[in-house]
Amino acid sequence: MPYTHLRKGRFSEAGRVYLVTTVTESRRPVFADFQSARIVVRTLKTLHEQALVSSLAWVVMPDHLHWLFELSQEVELSDVIRHLKGRSAREINAIHGTRGKVWQRAFHDHAVRTDEDLQGVARYIVANPLRANLASEIGAYPHWDAAWI
């Protein structure tokens, strides 16, 4: 699907909760490397600490990220994702002495409706490693967090 199709209908609304999924370039398992995955985790935490978002749940899988967050008043959704990808890619490339893309250009977003169960969405996110057979229980996988746990 072309990048422009993913952007159709995208609307950035302050205070809205979004579920964003984004993948690595060519679905390479960049985050199977512990240090690279922790860079993404640190970047997520930094964006939260800078009050650009209020993170509710996330999981960094070997080749993609699922992130549930509330968007702050001062920022656009696309800017948050650009910051996430740019900061993490620069640091990952620096530690590995590489250049080039870490992330695919596009991302998928879903504006969570008020009638959706946020904790249910969070459970779905953090259970991804179980469904992918990367862990036998949620606590055994190192690259996740949720506000309710």
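Criteria and cut-off values
- Residues numbered from 1 in each chain as written.
- Predicted model: local features only at pLDDT ≥ 70, side-chain atom pairs only at ≥ 80, totals over all residues.
- Heavy atoms only, no water.
- pLDDT = per-residue confidence, 0-100.
- Contact = heavy atoms within 4.5 Å.
- Axes fitted to C-alpha atoms, helices over the stretch in contact; angles between N-to-C directions.
- Helix = DSSP H or I, 4+ residues; strand = E, 2+ residues; numbered from the N terminus.
- Left-handed = near helix turned anticlockwise from the far one by under 90°.
- Nonpolar A, V, L, I, M, F, W, Y, C, P; charged D, E, K, R; others polar.
- Buried < 20%, exposed > 50% of the residue type's maximum accessible area, 1.4 Å probe, protein only.
- Pairing = 2+ DSSP bridges.

S.K.: Account for the confidence of the model for the protein chain, with residues named and values stated.
M.R.: This prediction gives the protein chain a mean pLDDT of 92; 93% of its residues lie at or above 70. Throughout residues 1-7 the model reports pLDDT below 50, and contacts reaching past four residues in sequence, or to other chains, amount to five contacts.

S.K.: Kindly report on the packing of helix 2 (residues 34-49) against helix 3 (residues 77-96), identifying the contributing residues and their values.
M.R.: As a packed pair, helix 2 and helix 3 sit with axes 9 Å apart at the nearest point and diverge in direction by 145 degrees. At the point where helix 2 passes helix 3, the crossing takes the right-handed sense. Counted together, Gln-35, Ser-36, Ile-39, Val-40, Arg-42, Thr-43, Leu-44, Thr-46 and Leu-47 of helix 2 and Val-80, His-83, Leu-84, Arg-87, Ser-88, Glu-91, Ile-92, Ile-95 and His-96 of helix 3 form the full contact between these two elements. Classifying every residue of the contact of helix 2 with helix 3 gives eight nonpolar, seven polar and three charged.

S.K.: Which residues make up the pairing of strand 3 (residues 64-71), and what are the values?
M.R.: Of all eight residues in strand 3, seven are buried; the element is thus mostly enclosed. Pairing between strand 1 (residues 17-23) and strand 3: seven bridges, direction antiparallel. Looking across to strand 3, one finds that Val-17 is bridged to Glu-70. The pairing of strand 2 (residues 53-60) with strand 3 spans seven bridges and is antiparallel. Along strand 3, the bridge assignment pairs Ala-57 with Leu-68. Counted between consecutive antiparallel strands, the loop separating strand 2 from strand 3 contains three residues.

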